[in-house]
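Coordinate analysis (summary)
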Amino acid sequence: MSGAARSGEDETNKKGERNMLLNRRKFITTTAATSLALAAPGLSAPAIAQGRKIKLGYVSPQTGPLAGFAESDAYNIAAFLASPHGENFEVVVKDSQSSSNRASSVAQELIFEDEVDIITATSTPDTTNPVADQAELNGVPCITNDTPWQPHFFGRQGDPSVGFDYTFHFFWGLEDIISVFSGIWDAVPTNKVVGALWPNDPDGNAWGDQELGLPKPLATAGYTLTDPGRYQPLSDDFSNQIAAFKAAGCEIVTGNMIPPDFATFWSQ
């Protein structure tokens, strides 16, 4: 075969592969629209849902240090399936084990082995970000929540001028946290010196970001922030942070610690 013929054949194969991918994505996007329609009260099920149930993949940290977030999962899923449109769905549940690597792995399982139509994930960037990344990479609609939108969007290197094609997120943002925290602190007489405990993970890095996180608006509100730097999750020694807070005269401590870390810090 000549080089020109081989090149033409390769190009034809590539076009065929692209068309197959586009057709799959079109079907999945249509299925996503169907599921949203089914969830709306008073709407009848579209024809696409008549042949089979829509398969939803659900990922949350059911074990590990973040397991408290998932305590109501079983109840909520049962309530959803028992709802008027619940019979149209099948839910495949996966445990992220409070691990980003595990979350990414089970997302791949949902896509390639369980062949779900839609993926959902919840509870901190450790779960939502890697699941959404896998869904975006493989053209599967994904809906996530229970992560402030800044660590979810910017933690995934999102570009506001472009956005994402297949992943959608809803939750409040750091601006809401800042408003609530400062409102509470303003109600109590303090020296307005705040110590920060932010872990070295997508959440902590977003909260401590100089532009998008808490430092700039807290300074604008008249608070002095003492930030000794990111600590490693599941640390067993917070003596450096405690010493820094004492030296600065902190009368307020803030952060976004997982329960085991807060327990260790508080006891020390």
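These numbers were taken from a predicted model, which means no experiment stands behind them.

Rules used throughout
Residues numbered from 1 in each chain as written. Predicted model: local features only at pLDDT ≥ 70, side-chain atom pairs only at ≥ 80, totals over all residues. Heavy atoms only, no water. Helix = DSSP H or I, 4+ residues; strand = E, 2+ residues; numbered from the N terminus. Buried < 20%, exposed > 50% of the residue type's maximum accessible area, 1.4 Å probe, protein only. Contact = heavy atoms within 4.5 Å. Areas by Shrake-Rupley, 256 points an atom, 1.4 Å probe, with all protein chains shown as cover. Pairing = 2+ DSSP bridges. Axes fitted to C-alpha atoms, helices over the stretch in contact; angles between N-to-C directions. Salt bridge = Lys/Arg side-chain N within 4 Å of Asp/Glu carboxyl O. Phe/Tyr/Trp six-rings, centres within 6.5 Å; stacked < 30°, edge-to-face > 60°. Lys NZ or Arg CZ within 6 Å of the ring centre and 35° of its normal.

Points about the overall build of the chain
A tally of regular secondary structure across the chain gives 10 helices and 8 strands. Within the span of the chain, comprising 268 residues, buried residues form 40% of the whole. Considering only residue pairs separated by 6 or more positions, the chain has 68% of its internal contacts joining residues 24 or more positions apart. A total accessible area of about 14,300 Å² is found for the chain, and carbon and sulfur atoms account for 56% of it.

Quick look at the environment of G139
Checked against the element boundaries, G139 lands in the loop between helix 4 (125-138) and strand 4 (142-145). The exposure class assigned to G139 is buried, which follows from its relative accessible area of 0%. With 26 residues separating them in the primary sequence, G139 and D165 have C-alpha atoms 8.0 Å apart.

Section: the sheet that holds strand 6 (residues 193-197)
The strand order across the open sheet built from 3 strands is 7-6-8, with neighbouring strands paired in parallel fashion. Both edges of this open sheet fall to strand 7 (224-226) and strand 8 (252-255), since each of them pairs with a single strand only. This sheet shows a mean twist of 35° between the axes of neighbouring strands, independent of strand direction. Note: strand 6 against strand 7, 3 bridges, orientation parallel. Across the sheet, the residue bridging to V194 is L225, located in strand 7.

Here we look at the environment of I111
Inspection of the secondary structure assignment puts I111 in helix 3 (residues 100-113). Residues I111 and G139, 28 residues apart in the sequence, show an inter-C-alpha distance of 9.6 Å.

Topic: the sheet that holds strand 1 (residues 54-60)
Sheet architecture is open: 5 strands sit in the order 2-1-3-4-5, paired in parallel fashion. One side of each edge strand has no neighbouring strand; the edge strands of this open sheet are strand 2 (89-95) and strand 5 (167-170). This sheet shows a mean twist of 20° between the axes of neighbouring strands, independent of strand direction. Alignment of strand 4 against strand 5, held across 4 bridges, turns out to be parallel.

Observations regarding the pattern of salt bridges
If you walk through the whole model with that rule in mind, you get 6 salt bridges. R52 serves as the salt-bridge partner of D117, at 2.9 Å between the closest nitrogen and oxygen. Taken together, the residues D117 in the loop between helix 3 and strand 3 (118-122) and R52 in the loop between helix 1 (3-39) and strand 1 connect sequence positions 65 residues apart. For D117, a relative accessible area of 5% gives the class buried. When the shortest N-O distance is used, the salt bridge between K94 and D114 registers 3.6 Å. Placement of K94 in strand 2 and of D114 in the loop between helix 3 and strand 3 is noted, with a sequence separation of 20 residues between them. Shared partners join several salt bridges into a network, and the residues in it are K94, E109 and D114.

Focus on the pairing of strand 6
Across a regular strand the side chains alternate sides, sitting on one face of the sheet and then on the other. For strand 6, the buried fraction is high: 5 of the 5 residues fall into the buried class. Two elements, strand 6 and strand 8, share 4 bridges in a ladder whose sense is parallel. Each residue of the ladder has a partner; that of V194, found in strand 8, is I252.

Some details on the packing of aromatic side chains
Evaluation of the coordinates by the stated rule reveals 12 aromatic pairs. On the basis of an interplanar angle of 35° and a centroid distance of 4.2 Å, the ring pair of F171 and W172 is categorised as tilted. Judged by its relative accessible area of 43%, W172 falls in the partly exposed class. Here the aromatic rings of F181 and W185 are separated by 5.7 Å at their centres, their planes lie at 45°, and the arrangement is tilted. Placement of the pair is F181 and W185 together in helix 6 (residues 174-186), with a separation of 4 residues, close to one helical turn. Put simply, the rings of W149, F153, F154 and F164 touch in pairs and so form one group of aromatic residues. Above the plane of the ring of F164 lies R156, whose end atom (NZ or CZ) is 3.9 Å from the centre. In this arrangement the basic side chain of K192 is found over the ring face of Y223, its NZ or CZ atom lying 4.9 Å from the centre.

Looking at the side chain of N256
Tracing the sequence through the fold places N256 in the loop between strand 8 and helix 10 (259-267). We classify N256 as buried; its relative accessible area is 14%. Apart from residues lying up to four places away in sequence, N256 is in contact with L197, W198, P199, D203, G204 and W207.

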